[in-house]
Amino acid sequence: MIARKHSPAPWAFEYSPYTVRSEYSPLGIGAEIPAYEIFDADGNKVFDTNEDTPAEVQESNARMGAAAPRLLASLVTCANLLADYDESDGPEGEAYREALAAINEATGRAS
């Protein structure tokens, strides 16, 4: 079993735009610059999106980020179910090895 080292789940995201306050901005004072923040179960901000990225991409990234703990937990479960195929050349073995590689990357154990 993998010990959790990330902030407590579930994570959530919310739209949190910046408001232009500079008269020198080409957008004009009061304009919104799209941005999203991702929070853990305790309400602590885990990360935010890059406001220089298009709003649609930011929202997709925020959704993916907020789902990360659940995705990792599900992947661990799937890898455990596929463990008997660790040396298989078939699709089950490939799926198992790919799952392990992703789990290792997400938990900082990637080589």
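Details of the structure are given in the entry above.
An account of the accompanying structure is given in this report. All values derive from a computational prediction rather than experimental measurement.

1. Overview of the nonpolar core
Counting six residues, the largest nonpolar core consists of Leu72, Val76, Ala79, Tyr96, Ala99 and Ile103. Of all elements in the fold, only helix H1 (55-82) and helix H2 (91-107) reach the threshold of two or more residues within this core. Formed by five residues, the second largest nonpolar core is a distinct cluster that contains Tyr36, Ile38, Ala62 and Ala66.

2. Thoughts on the sheet that holds strand E1 (residues 12-15)
Strand order in the open sheet formed by three strands is E1-E4-E5, and the pairing between neighbours is antiparallel. What marks the edges here is a single partner per strand, and that holds for E1 and strand E5 (45-48). Averaged over neighbouring strand pairs, the angle between their axes works out to 25 degrees when direction is ignored. Bridge count between strand E4 (residues 36-39) and E5: three bridges; the pairing is antiparallel. Looking at E5, one finds that Ile38 is bridged to Phe47. Contacting E1, E4 and E5, H1 crosses the sheet at an angle of about 0 degrees to E4.

3. Some thoughts on the packing of H1 against H2
Following both chains from N to C, one finds H1 and H2 inclined at 140 degrees, their axes separated by 9 Å at the closest point. In this structure, the crossing between H1 and H2 has a hand that is left-handed. Listed contacts from H2 to Leu72, Leu75, Val76, Ala79 and Leu82 of H1 are Glu92, Ala95, Tyr96, Ala99, Ala102, Ile103, Ala106 and Thr107. Class assignment for the residues of the contact of H1 with H2 results in eleven nonpolar, one polar and one charged.

4. Concerning the side chain of Thr49
Structurally, the position occupied by Thr49 is in the loop between E5 and H1. Here the side chain of Thr49 touches Tyr36 through a polar contact of 2.9 Å, landing on its backbone nitrogen. Those residues in contact with Thr49 that sit more than four places away from it in its chain are Ala35, Tyr36, Ile38, Gln58 and Ala62.

About the criteria used
Residues numbered from 1 in each chain as written. Predicted model: local features only at pLDDT ≥ 70, side-chain atom pairs only at ≥ 80, totals over all residues. Heavy atoms only, no water. Core = buried A, V, L, I, M, F, W, Y, C linked by side-chain atoms within 4.5 Å. Buried < 20%, exposed > 50% of the residue type's maximum accessible area, 1.4 Å probe, protein only. Helix = DSSP H or I, 4+ residues; strand = E, 2+ residues; numbered from the N terminus. Pairing = 2+ DSSP bridges. Axes fitted to C-alpha atoms, helices over the stretch in contact; angles between N-to-C directions. Contact = heavy atoms within 4.5 Å. Left-handed = near helix turned anticlockwise from the far one by under 90°. Nonpolar A, V, L, I, M, F, W, Y, C, P; charged D, E, K, R; others polar. Polar contact = N/O pair within 3.5 Å; in protein donor to acceptor, adjacent residues only side chain to side chain.

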